[in-house]
Amino acid sequence: MSEKMHILFVMEDLCFGGTQRQMVELASRLDRERFRVSMLVLTGRTDLDGQVEHAGIPVTYLGHSRAVHPFFFLRMSRALKRLAPDILVPCTALPNIWARIWGRTLGIPVVGTVRGGGAPRRQHERFLWRLTDHMVCNSEALAEVLAGLGVPAGHLTYVPNGVDTERFAPARPVPSERSPLIVCVARLAEDKDHLTLLRAFAPLRQRHPDLRLRLVGDGPREKELKAWVGEHLPEGGVEFCPGSPDVRAHYAAARIFALTSVREGQPNVILEAMAAGVPVCATDAGGIPRLVAHGESGLLSPVGDSAAFAANCAALLDDPARGDRFGQDGRRRVERSFSFAAMVAAHEAIFSRLAAARERL
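I will try to describe carefully the structure that is included in this document. (Residues numbered from 1 in each chain as written. Predicted model: local features only at pLDDT ≥ 70, side-chain atom pairs only at ≥ 80, totals over all residues. Heavy atoms only, no water.)

Applying the stated rule across the entire model yields 21 salt bridges. When the shortest N-O distance is used, the salt bridge between K192 and E264 registers 2.5 Å. Here E264 lies in the loop between strand 11 (256-259) and helix 11 (268-275) and K192 lies in the loop between strand 8 (181-185) and helix 8 (194-207), a separation of 72 residues in the sequence. We classify E264 as buried; its relative accessible area is 6%. (Salt bridge = Lys/Arg side-chain N within 4 Å of Asp/Glu carboxyl O. Helix = DSSP H or I, 4+ residues; strand = E, 2+ residues; numbered from the N terminus. Buried < 20%, exposed > 50% of the residue type's maximum accessible area, 1.4 Å probe, protein only.)

Turning next to the packing of helix 8 against helix 13 (residues 306-318). At a closest axis distance of 8 Å, the pairing of helix 8 and helix 13 adopts a crossing angle of 45°. The angle between the axes of helix 8 and helix 13 places the two elements in the oblique class. In terms of crossing hand, the pair formed by helix 8 and helix 13 is right-handed. Mapping the contact onto sequence places T196, L197, R199, A200, P203, L204 and R207 in helix 8 and S306, F309, A310, C313, A314, L317 and D318 in helix 13. Its residues assigned to classes, the contact of helix 8 with helix 13 comprises nine nonpolar, two polar and three charged. (Axes fitted to C-alpha atoms, helices over the stretch in contact; angles between N-to-C directions. Parallel < 35°, antiparallel > 145°, perpendicular 65-115°, else oblique. Left-handed = near helix turned anticlockwise from the far one by under 90°. Contact = heavy atoms within 4.5 Å. Nonpolar A, V, L, I, M, F, W, Y, C, P; charged D, E, K, R; others polar.)

Turning our eyes to something else, we now look at the sheet that holds strand 10 (residues 238-241). Pairing between the strands of a sheet is mediated by backbone hydrogen bonds and can be parallel or antiparallel. An order of 10-9-8-11-12-13 is seen for the six strands of this open sheet, with the pairing classed as parallel. Bordering the open sheet on either side are strand 10 and strand 13 (298-301), each of which pairs with just one other strand. With strand direction ignored, the average angle separating the axes of adjacent strands in the sheet is 20°. Pairing analysis gives four bridges linking strand 9 (residues 212-216) to strand 10, with the strands arranged parallel. Residue pairing in the sheet places L213 in a bridge with V238 of strand 10. Where helix 13 meets the sheet, its contacts fall on strand 8, strand 11, strand 12 (280-283) and strand 13, and the angle it forms with strand 13 comes to roughly 165°. (Pairing = 2+ DSSP bridges.)

Below, the discussion takes up the packing of aromatic side chains. All chains considered together, the criterion is met by six aromatic pairs. Geometrically, the ring pair formed by F72 and F73 is edge-to-face, given 5.6 Å between the ring centres and 85° between the ring planes. Under the relative-accessibility criterion, F72 is labelled buried at 6%. Here F72 and W98 contribute two aromatic rings whose centre-to-centre distance is 6.3 Å and whose plane-to-plane angle is 90°, an arrangement assigned as edge-to-face. Placement of F72 in helix 3 (residues 72-83) and of W98 in helix 4 (residues 93-106) is noted, with a sequence separation of 26 residues between them. Owing to a relative accessible area of 27%, W98 belongs among the partly exposed residues under this scheme. Members of the aromatic cluster, joined through ring pairs, are F72, F73 and W98. (Phe/Tyr/Trp six-rings, centres within 6.5 Å; stacked < 30°, edge-to-face > 60°.)

Read from one edge to the other, the open sheet built from three strands follows the order 5-6-7, with strand pairing classed as parallel. At either margin of the open sheet sits one strand with a lone partner, and together these are strand 5 (111-114) and strand 7 (156-158). Between one strand axis and the next, the sheet turns by 25° as a mean value, whatever way the strands run. Bridge count for strand 6 (residues 134-137) against strand 7 is three bridges, and the pairing is parallel. For M135, the partnering residue across the bridge sits in strand 7 and is L156. Each of strand 5, strand 6 and strand 7 is contacted by helix 7 (residues 140-148), which is oriented at about 140° to strand 6, the strand it contacts most. On top of the sheet, helix 15 (residues 340-360) reaches strand 5, strand 6 and strand 7; it is set at about 175° to strand 6, its chief contact.

Right, let's get into the nonpolar core. Generally speaking, a soluble globular protein has its nonpolar side chains buried in company with each other. Core analysis: the biggest nonpolar cluster contains 59 residues, and L198, Y251, F257, L259 and I270 have the highest contact counts within it. Beyond its immediate sequence surroundings of up to four residues, L259 is in contact with C184, V185, A186, E264, P267, V269, I270, C281, A282, T283, I288 and F309. Membership of the second largest hydrophobic core comes to 31 residues, among which are M5, M11, M23 and V24. (Core = buried A, V, L, I, M, F, W, Y, C linked by side-chain atoms within 4.5 Å.)

Structural data, given as structure tokens:
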């Protein structure tokens, strides 16, 4: 093993997604006195590449466009042999399948990641967890799912997502003094269930004609969602904004932060909104109840229940001061329990344990 442990993050892409952003932050913050960090990406350049390069992290691309290269699994084996990492950290479904297979074949320790409520199914964890040397999940709900699939407690670590509380900080004016705007920052994908949010917004717009909804993100359901808005909300009120590496301006403008996911791990965007002092209305999917204390830092509703979600948003619109109190409580919760320092330290400890175990062999 080299003097510095070589950690290779294997990413499907570097798009504006929660997993991508969190892994970029982790890779950027690992102790450079102990770790050498690089990335292997199945696509070409996308969105966060400049941030990765600014952090001094070398990137190897297996493709040339935003699409995954059709023969990435063959190119991956050659790249892994050439890069010769000490530990592989695959992120999202395709890397968590193929990097595990090649890691086991080539004798490279693998730290599998399970992030997002749909990940255990998409990554075939019932079978493929056995190809990992250790696994990390980002919510207690996911840890329970994985335990039910047979993953031993000693093989799995729950590491909460981190958030930069200096970067994401409360802005002026406070939420109650802002224009009535609901903001959702989420990839336009099936798991985020934006249709439930839009169905909740329609009656809210009737009660509050000046209310607006801002959807920040890109993804495969963009065309479908815009068509729904055109048909059911012809008078407007819904804004679509592209994803961005810096979403702080959206939090600073929000009266309410909304997320209607059907499957989740521990969404970064909720932590960021709470750190920014914005009250949260969300569904009770996955690890969200671990983040949002119902009635204290936000309001939760059942997955897919647009009427209940609308009622929660209406409660905060009708009582803006309550929203300010929720925002203040959320900020305190993040400062207390969800720091980047703790997240990074937990991963460094896992990497060091695996390296020590390998040296004893």
